[in-house]
Amino acid sequence: GKSSRIFRIVRMVRLLRMARMRQVIKMFTFRIQSERLVIIANIVKILLFIVGIAHLMACVWYGIGSSQEPDNNWIDDSGFAHTSLGHKYLLSLHW
């Protein structure tokens, strides 16, 4: 309905922002004249990519645990059902 349409619009705006950020990063690295700064910028880009992939994997792992029936998933089996969402996220990120 209407809420799913709004959600799709918000998601599209986020994707457009990500595309714009990619252009800004390219322009920034193009203007850097120092080789040392270019190397540091490349390392930062790689680290951000790794953190992003780790975040996605943590979300998938938490999603798998929370989508299964109660009392039969890794969250409940490990005794973390009553912990905070942040703690569950960090556990998912660890695995």
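Residues numbered from 1 in each chain as written. Predicted model: local features only at pLDDT ≥ 70, side-chain atom pairs only at ≥ 80, totals over all residues. Heavy atoms only, no water.

Caption draft 1: Geometry of helix 2 (residues 35-67). Its 33 residues place the ends of helix 2 48 Å apart at the C-alpha level, agreeing with the 48 Å of an ideal helix rising 1.5 Å per residue. Along helix 2, the residues classified as buried are Ala41, Ala58 and Gly65. Packing partners of the buried residues in helix 2 comprise helix 1 (2-31), helix 3 (74-77) and helix 4 (85-94). (Helix = DSSP H or I, 4+ residues; strand = E, 2+ residues; numbered from the N terminus. Expected span 1.5 Å × (residues − 1). Buried < 20%, exposed > 50% of the residue type's maximum accessible area, 1.4 Å probe, protein only. Contact = heavy atoms within 4.5 Å.)

Caption draft 2: Here's a closer look at a nonpolar patch on the surface. A cluster of nonpolar side chains, namely Ile39, Ile43, Ile46, Leu47, Phe49, Ile50, Ile53, Leu56 and Met57, defines an oily patch on the protein surface of about 910 Å² accessible area. Mapped onto the secondary structure, Ile39 falls in helix 2. (Patch = residues over 30% accessible without salt bridge, like charges linked within 9 Å, V, L, I, M, F, W, Y side chains within 5 Å. Areas by Shrake-Rupley, 256 points an atom, 1.4 Å probe, with all protein chains shown as cover. Salt bridge = Lys/Arg side-chain N within 4 Å of Asp/Glu carboxyl O.)

Caption draft 3: Structural detail: the layout of surface pockets. The calculated volume of the largest pocket comes to roughly 540 Å³. Lining the largest pocket, in full, are Arg17, Met18, Ala19, Met21, Arg22, Ile25, Lys45, Leu48, Phe49, Val51 and Gly52. Where the lining of the largest pocket is concerned, the elements lending two or more residues are helix 1 and helix 2. Examining the composition of the lining of the largest pocket, we find that 6 residues originate from one element, helix 1, more than from any other. Of the residues assigned to the lining of the largest pocket, the class counts are 7 nonpolar, 1 polar and 3 charged. (1 Å grid on protein atoms, 1.4 Å probe; cavity = no way out; pocket = protein on both sides within 12 Å on 5 of 7 lines; lining within 4 Å. Points joined across faces, edges and corners; volume = space filled by probe spheres on them. Nonpolar A, V, L, I, M, F, W, Y, C, P; charged D, E, K, R; others polar.)

Caption draft 4: Region of interest: helix 4. Lys88, Leu91 and Ser92 are the residues of helix 4 that are buried. For helix 4, the angular spread of buried residues about the axis comes to 100 degrees, placing them on one side. Seen from the open side of helix 4, the exposed residues pointing more than 90 degrees away from its buried face are Leu90 and His94. The inward-facing, buried residues of helix 4 abut helix 2 and helix 3. (Arc of directions from axis to C-beta.)

Caption draft 5: Focus on a positive patch on the surface. Together, Lys2, Arg5, Arg8 and Arg11 make up a region of like positive charge exposed at the surface. Along the chain, Lys2 falls in helix 1. Residue classification places Lys2 among the exposed positions, given a relative accessible area of 67%. (Lys, Arg positive; Asp, Glu negative; His and termini not counted. Charge placed at Lys NZ, Arg CZ, Asp CG, Glu CD.)

Taken by themselves, the reported measurements are silent on function.
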